[in-house]
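Listed below are the residues making up each chain.
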Amino acid sequence: MTETVLAGYLHRCDGRPSVAVPYVGRWLEPQEVGGVIALHHAVREAVAPDLLCRETDAFFHEHCSACGRILGLFADGEMIAYGVLGLPAADQESFADQFGLTVQQRAEVATIDGAGVLPRWRGNGLQRRLVAARIEAARLAFRRIAVSTVAPGNLPSLRNLLAEGLTIRALRPAFGGLRFLVRRDLDRSPKPAREGRWIALADTADAAQALISGYQGWSLSEAADGPRIWYACERDAPGN
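All chains use their own residue numbering, which begins from 1 and follows the written sequence. In keeping with the model being predicted, local features are shown solely for residues with a pLDDT of at least 70 and side-chain atom pairs are shown and tallied solely at 80 or more, while totals for entire chains, interfaces and linings include all residues. With hydrogens and water stripped out, all remaining heavy atoms of the structure feed into the side-chain values.

Draft legend 1. Fine view of the pairing of strand β8 (residues 177–185). Summarising burial for β8: 8 of the 9 residues are buried, a large majority. Any two strands with at least two DSSP bridges between them are considered paired. Secondary structure elements are taken from DSSP: a helix is a run of H or I of four residues or more, a strand is a run of E of two residues or more, and numbering for both begins at the N terminus. One ladder, built from 6 bridges, connects strand β6 (residues 145–150) with β8; its direction is antiparallel. Bridge pairing in β8 links Ile145 to Asp185. Counted along the chain from strand β7 (residues 167–174) to the antiparallel partner β8, the turn is 2 residues long, and its residue Phe175 has a positive phi close to 55°. Buried residues are those whose accessible area, probed at 1.4 Å on protein chains only, stays under 20% of the maximum for their type, while exposed residues exceed 50% and partly exposed ones sit between those limits.

Dropping the structure here:
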């Protein structure tokens, strides 16, 4: 068994406050992939088809050996959540191909890939912790760039990725629907420029135009009239 990566207590169960339940997180061994696949199927059954990528069994096996790692969270004697970290070789196909990276950057990229939390344990902040832990693992693997994709309608995933410093760079069709392409350069700490604007999450046409114009999506606000995203250039860009 590998060493503990995450540990803490769960305070919500089935959507309600509960007694504290301890959980631990660790990197999984190849023989444990069956549990991840079962959890993936359980999670995706409760999510609209266009919001969550349907991964193959082979994807999980590959990411627990040849091209990545899978972080599993355990509580009450079962796996309750997982997060996939991709560590592709420079010449290996992955969704990082969509980011227009140079040859050198391809060797330095990590993919913050699929994740899932059993519905009864949602509301404990586990997905954000999974994102943060995989970003730290990417650093330790000497990867300089972290990338991911997320459906605009997948508010929990979008909120957590933006909260951990990834910013929206593009909006493109992928995995059976529209996806934001998000990225974080782990050796930099960019900030948004002073000038920017809020764009409604549902207004994908306006968002796409802003991104083409050089804006990035920085933060999510769930306003009374609906969720919206703050778009701006980087502060250190000329004129900002």
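That was the structure; now back to the text.
Draft legend 2. How the structure looks around the environment of Glu62. Topologically, Glu62 is positioned in helix α2 (residues 57–62). The exposure class assigned to Glu62 is partly exposed, which follows from its relative accessible area of 42%. Linking Glu62 and Pro30, residues 32 residues apart in sequence, is a C-alpha distance of 9.1 Å. Apart from the residues lying within four places of it in its own chain, the contact partners of Glu62 are Cys67 and Gly68. Every residue pair with non-hydrogen atoms within 4.5 Å of one another is taken to be in contact.

Draft legend 3. Expanded view of unusual backbone geometry. Of note in the backbone geometry, Asp76 takes a positive phi value of approximately 55° without being a glycine. Relative to the elements of secondary structure, Asp76 occurs in the loop between β3 (68–75) and β4 (78–86). Judged by relative accessible area, Asp76 falls into the exposed class, the value being 56%. For Phe142, which is not glycine, the phi dihedral falls at a positive 65°. Inspection of the secondary structure assignment puts Phe142 in the loop between α4 (126–140) and β6. When its relative accessible area of 74% is taken as the criterion, Phe142 is described as exposed.

Draft legend 4. Representation of the packing of aromatic side chains within the structure. To pair, rings of Phe, Tyr and Trp, with the six-membered ring standing in for Trp, must have centres within 6.5 Å; the planes then decide the type, stacked if under 30 degrees apart, edge-to-face if over 60, and tilted in the middle. Under the defined criterion, the tally for this structure stands at 3 aromatic pairs. What links up through ring pairs into an aromatic cluster is the set Phe59, Phe60 and Tyr82. If you follow Arg228 out to its NZ or CZ, it ends over the ring of Trp198, 4.4 Å from the centre. Note on criteria: charge over ring means Lys NZ or Arg CZ within 6 Å of the ring centre, with the direction from the centre no more than 35 degrees off the ring normal.

Draft legend 5. Region of interest: the pattern of salt bridges. Only one rule defines a salt bridge in this text: a Lys or Arg side-chain nitrogen within 4 Å of an Asp or Glu carboxyl oxygen. All chains considered together, the criterion is met by 12 salt bridges. Salt-bridge contacts for Asp97 lead to Arg106; the nearest nitrogen and oxygen are separated by 3.0 Å. The residue Arg139 makes a salt bridge to Glu136 at a minimum N-O spacing of 3.7 Å. Of this pair, Arg139 and Glu136 both sit in helix α4, 3 residues apart, which is roughly one turn of the helix. Owing to a relative accessible area of 39%, Glu136 belongs among the partly exposed residues under this scheme.

Draft legend 6. Spotlight on the nonpolar core. Counting residues in hydrophobic clusters, the biggest one holds 58 residues, and the most contacted among them are Phe60, Ile80, Ile168, Phe180 and Tyr231. Dropping the residues within four chain positions of it, Phe60 is found in contact with Val33, Val36, Ile37, His40, Glu55, Ile70, Tyr82 and Val84. Nonpolar core, defined: a set of buried Ala, Val, Leu, Ile, Met, Phe, Trp, Tyr and Cys residues in which side-chain atoms within 4.5 Å join the residues together.

Draft legend 7. Examining the packing of α4 against helix α5 (residues 155–163) more closely. For the pair α4 and α5, interaxial distance at closest approach is 9 Å and the crossing angle is 40°. Relative to α5, the element α4 lies oblique. Between α4 and α5 the crossing geometry is right-handed. Contacts between α4 and α5 pair Gln127, Arg128 and Val131 from the former with Pro156, Ser157, Asn160, Leu161 and Ala163 from the latter. Partitioning the contact of α4 with α5 into residue classes produces 4 nonpolar, 3 polar and 1 charged. Orientation is described by lines fitted to C-alpha atoms, with helices fitted over the stretch in contact, and by angles between N-to-C directions that extend from 0 to 180 degrees. In these notes the angle categories are as follows: under 35 degrees is roughly parallel, over 145 is roughly antiparallel, 65 to 115 is roughly perpendicular, and the rest is oblique. By definition, any crossing whose near helix is turned counterclockwise from its far helix by less than a right angle is left-handed, and any crossing with a clockwise turn is right-handed. Residues are grouped as follows: Ala, Val, Leu, Ile, Met, Phe, Trp, Tyr, Cys and Pro are nonpolar; Asp, Glu, Lys and Arg are charged; all remaining types, including Gly, are polar.

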